[in-house]
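Spelled out from the first residue to the last, the chains are:
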Amino acid sequence: MNVHALYDARTFTLTYVVWDPTTHDAVVIDPVLDFDPASGRIWEESVDAVTAFLQAEGLTLRWIFETHAHADHLSGSQALKRRHGAGVAIGARIQEVQSIFKGVFDLDPSFPTDGSQFDRLLQDGETLHAGSITVRAISTPGHTPACLSYVIGDAVFTGDAQRVRDLLVQASFF
């Protein structure tokens, strides 16, 4: 398994591309969509960087994983999905987060809070195959109730949950 991190300095966010060097199957974790809060402008420079990396390495994107609903940046998952046809997965408890966000952000009453914006809602301990890559979801609530960390090979991808990463290492999880 190979891992490449793309750092977004505007949001202090890491997007990860994880791939099998033999089959060229790949997953992306926590992609960023560029956003300027002052103007409300959205653009896809960060998504372009992920796409360029996938193409340069000859990778096939199988799944896009969100570690949580991001309040610190917008997600580029839907843009990557449109470009590459990969599914988008997030923790099943996103429904709780959506219900909270609906009230906090005064979203339209018709906004669905059933997680239907995602292709797969993952439960704690669930395993998903992305081509030749096996991904195990670990519930790590705290930042949001829907937070998941993903175990791929001997690595764990925790999103914003640095403390979770530290605890997993201390517990000799791997």
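Check the entry above for the structure.
Here is what the cut-offs are and how they apply
Each chain carries its own residue numbering, running from 1 in the direction its sequence is written. Reporting of local features is limited, given that this is a predicted model, to residues whose pLDDT is at least 70; pairs of side-chain atoms are given and counted only at 80 or more, and all residues count toward the totals for whole chains, interfaces and linings. Hydrogen atoms and water are omitted, and side-chain values are computed over all heavy atoms in the structure. Working definition: helices are DSSP H or I runs of at least four residues, strands are E runs of at least two. Numbering for both runs from the N terminus. Burial classes follow relative accessibility: with a 1.4 Å probe on protein chains only, a residue under 20% of its type's maximum area counts as buried, one over 50% as exposed, and anything between as partly exposed. The criterion used for residue contact is that any of the two residues' heavy atoms lie within 4.5 Å. Note on areas: Shrake-Rupley with a 1.4 Å probe; residue coverage comes only from the protein chains shown. Patch definition: residues with relative accessible area over 30% and no salt bridge; like charges joined within 9 Å; nonpolar side chains (Val, Leu, Ile, Met, Phe, Trp, Tyr) joined within 5 Å. Salt bridges are identified by distance alone: a Lys or Arg side-chain nitrogen within 4 Å of an Asp or Glu carboxyl oxygen. Ring geometry is summarised as follows: Phe, Tyr and Trp rings, the Trp one being its six-membered ring, pair when their centres sit within 6.5 Å, and such pairs are stacked at plane angles under 30 degrees, edge-to-face over 60 and tilted between the two. Criterion for a charge above a ring: Lys NZ or Arg CZ within 6 Å of the ring centre, and within 35 degrees of the ring normal. In this charge count, Lys and Arg are treated as positive and Asp and Glu as negative; neither His nor the chain ends contribute. In protein, a polar contact means a hydrogen-donor-capable atom and an acceptor-capable atom, both N or O and within 3.5 Å, with residues adjacent in sequence counting only if both atoms are side-chain atoms; elsewhere, any N or O pair within 3.5 Å suffices. At least two DSSP bridges between two strands are needed for those strands to be called paired. Each axis is a line fitted through C-alpha atoms, taken for helices only over the stretch in contact, and angles between the N-to-C directions span 0 to 180 degrees.

Draft legend 1. How the structure looks around the overall build of the protein chain. Of the regular secondary structure elements, the protein chain holds four helices and 13 strands. Per-residue burial over the protein chain gives 44% buried out of 174 residues. Restricting to contacts in the protein chain with at least 6 residues of sequence separation, those with at least 24 account for 53%. Accessible area for the protein chain stands at about 8,800 Å²; split by element, carbon and sulfur atoms hold 53% of it.

Draft legend 2. Summary view of the environment of Val88. Turning to its location among the elements, Val88 is positioned in strand S8 (residues 87-91). Looking at Val88, the relative accessible area reads 0%, which means it is buried. The residues contacting Val88, other than those within four sequence positions of it, are Trp63, Ile64, Glu66, Ser77, Gln78, Lys81, Phe118, Asp119 and Arg120.

Draft legend 3. Quick peek at a nonpolar patch on the surface. Residues Ile100, Val104, Phe105 and Leu107 make up a contiguous nonpolar surface patch of about 380 Å² in total accessible area. Along the chain, Ile100 turns up in helix H3 (residues 94-104).

Draft legend 4. Layout of the packing of aromatic side chains. Scanning all chains against the criterion turns up five aromatic pairs. Measuring from centroid to centroid gives 5.2 Å for Phe101 and Phe105, while their planes differ by 85°, and the two rings are edge-to-face. You can call Phe101 partly exposed: its relative accessible area is 27%. Using a relative accessible area of 51% as the deciding quantity, one classes Phe105 as exposed. Among the aromatic residues, those joined into a ring-pair cluster are Trp63, Phe65 and Tyr150. Sitting above the plane of the Trp43 ring, Arg41 keeps its charged end 4.2 Å from the centroid.

Draft legend 5. Structural view of the side chain of Asp20. Relative to the elements of secondary structure, Asp20 occurs in the loop between strand S2 (13-19) and strand S3 (25-29). Lacking a salt bridge, the buried Asp20 has Arg62 as its closest oppositely charged neighbour, with an N-O distance of 9.6 Å. Among the polar contacts listed, one links the side chain of Asp20 to the backbone nitrogen of Thr22, at a separation of 2.7 Å. Not counting residues up to four positions away in its chain, the partners in contact with Asp20 are Asp25, Ser132 and Ile133.

Draft legend 6. Expanded view of the sheet that holds strand S11 (residues 133-139). One open sheet holds the four strands; their spatial order is S10-S11-S12-S13, and the pairing between them is antiparallel. The outermost strands of the open sheet, each flanked by one partner alone, are strand S10 (127-130) and strand S13 (155-157). Taking each pair of neighbouring strands and ignoring which way they run, the sheet shows an average axis angle of 30°. In this structure, S11 lies alongside strand S12 (residues 148-152), joined through four bridges in antiparallel fashion. Within S12, the position partnered with Arg136 by the bridge is Val151.

Draft legend 7. Spotlight on the pattern of salt bridges. Applying the stated rule across the entire model yields ten salt bridges. Residues Arg62 and Asp25 are paired through a salt bridge, measuring 2.8 Å at the closest nitrogen-oxygen approach. A residue pair is termed long-range when its members are at least 10 positions apart, and Arg62 in strand S6 (residues 60-65) and Asp25 in strand S3 qualify at 37 residues. Residue Arg62 is classed as partly exposed on the basis of its relative accessible area, which comes to 36%. Judged by its relative accessible area of 6%, Asp25 is buried. Residues Glu126 and Arg120 are paired through a salt bridge, measuring 2.6 Å at the closest nitrogen-oxygen approach.

Draft legend 8. Up close: the sheet that holds S8. Spatial ordering of the open sheet is given by S1-S2-S3-S6-S8-S9, a layout of six strands whose pairing is mixed. Taken across any chain shown, the strands that pair with only one partner, and hence form the sheet edges, are strand S1 (2-8) and strand S9 (120-122). On average, each strand axis in the sheet is tilted by 25° relative to the strand beside it, whichever way the strands run. Relative to S2, S1 runs antiparallel, the two sharing seven bridges. Paired with Ala5 across the bridge in S2 is Tyr16.

That's the geometry; what it means functionally is another story.
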